[in-house]
Amino acid sequence: MKLNPTQIHNLKNLITFYEEIPDEKWCQGTYENFMGQKCALGHAGVQSSSTDIKNLPIALNLIDIMQTYLKTENSNENFNVVLLEIASTNDNGKGKPKNNIVNFLRGILEKQNL
């Protein structure tokens, strides 16, 4: 689905944000592990699926972009679907979590035909 100009701007910022996080600060399977490593959502400030994200701008932008991209409406049920999609992208087992999420976000950007 097409993103609006603000979402495209936010998407570019998200890509830069995640690219700047060192590889050794990433993990899979949890928001944050005992070594302080985090997944994509953890780096955005999310600590659990019940985290209130209204004061977490990175998480808000990520969720907004994913809801638009996945063509879901803003609801609690769809919020959990979006969280699962982000987590499964981070944890897909086909590469490093950082690369997985950055490549996924770049793919969304490429599909915008800029």
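Here, the structure is the one placed above.
Residues numbered from 1 in each chain as written. Predicted model: local features only at pLDDT ≥ 70, side-chain atom pairs only at ≥ 80, totals over all residues. Heavy atoms only, no water.

1. A few points about the packing of aromatic side chains
Piece 1. Per the stated rule, a full pass over the model turns up 3 aromatic pairs.
Piece 2. Ring geometry for F17 and Y18: centres 5.1 Å apart, planes at 65 degrees, overall edge-to-face.
Piece 3. Residue classification places Y18 among the buried positions, given a relative accessible area of 0%.
Piece 4. Where Y69 meets F104, the ring centres are 6.0 Å apart and the plane angle is 90 degrees; that geometry is what we call edge-to-face. Of this pair, Y69 sits in helix α3 (residues 57-69) while F104 sits in helix α5 (residues 97-110), placing them 35 residues apart in sequence.
Piece 5. According to the relative accessible area criterion, Y69 is buried, its value standing at 18%.
Piece 6. Taken together, the aromatic side chains of F17, Y18 and W26 make up a single cluster linked through ring pairs. (Phe/Tyr/Trp six-rings, centres within 6.5 Å; stacked < 30°, edge-to-face > 60°. Buried < 20%, exposed > 50% of the residue type's maximum accessible area, 1.4 Å probe, protein only. Helix = DSSP H or I, 4+ residues; strand = E, 2+ residues; numbered from the N terminus.)

2. Overview of α5
Piece 1. Taking 1.5 Å per residue as the helical rise, α5 with its 14 residues ought to reach 20 Å, and the 20 Å between its terminal C-alpha atoms agrees with that figure.
Piece 2. Three or more residues of α5 are buried, namely P97, K98, N100, I101, V102, L105, I108 and L109. (Expected span 1.5 Å × (residues − 1).)

3. Some thoughts on the pattern of salt bridges
Piece 1. For the coordinates displayed, the defined rule picks out 4 salt bridges.
Piece 2. The salt bridge involving E19 is made with R106; its shortest N-O contact spans 2.2 Å. Residue E19 is found in helix α1 (residues 5-19), and its partner R106 is found in helix α5; the two are separated by 87 residues along the sequence.
Piece 3. Among the residues examined, E19 registers a relative accessible area of 33% and is labelled partly exposed.
Piece 4. R106 sits in the partly exposed class, given a relative accessible area of 35%. (Salt bridge = Lys/Arg side-chain N within 4 Å of Asp/Glu carboxyl O.)

4. Some words on the environment of C39
Piece 1. Along the chain, C39 turns up in the loop between α1 and α2 (40-43).
Piece 2. What makes C39 buried here is its relative accessible area of 7%.
Piece 3. The spatial distance from the C-alpha of C39 to the C-alpha of K25 is 8.5 Å, given a sequence separation of 14 residues.
Piece 4. Residues within four places of C39 in sequence aside, it is in contact with W26, C27, T30, Y31 and N90. (Contact = heavy atoms within 4.5 Å.)

5. Examining α3
Piece 1. Along its 13 residues, α3 runs 18 Å from first to last C-alpha, staying within 8% of the 18 Å computed at 1.5 Å per residue.
Piece 2. Among all positions in α3, only A59, L62, I63, I65, M66, Q67, T68 and Y69 are buried.
Piece 3. Following α3 by one or two positions, K71 has its phi on the positive side, about 60 degrees.

6. Structural notes on the packing of α1 against α3
Piece 1. Contact pair α1 / α3: the axes reach a minimum separation of 10 Å and the direction vectors enclose 120 degrees. Considering the angle they form, α1 stands oblique to α3. Between α1 and α3 lies a crossing of left-handed hand. Contact residues: α1 offers Q7, N10, L11, L14, F17 and Y18, while α3 offers I58, N61, L62, D64, I65 and T68.
Piece 2. Split into classes, the residues belonging to the contact of α1 with α3 amount to 7 nonpolar, 4 polar and 1 charged. (Axes fitted to C-alpha atoms, helices over the stretch in contact; angles between N-to-C directions. Parallel < 35°, antiparallel > 145°, perpendicular 65-115°, else oblique. Left-handed = near helix turned anticlockwise from the far one by under 90°. Nonpolar A, V, L, I, M, F, W, Y, C, P; charged D, E, K, R; others polar.)

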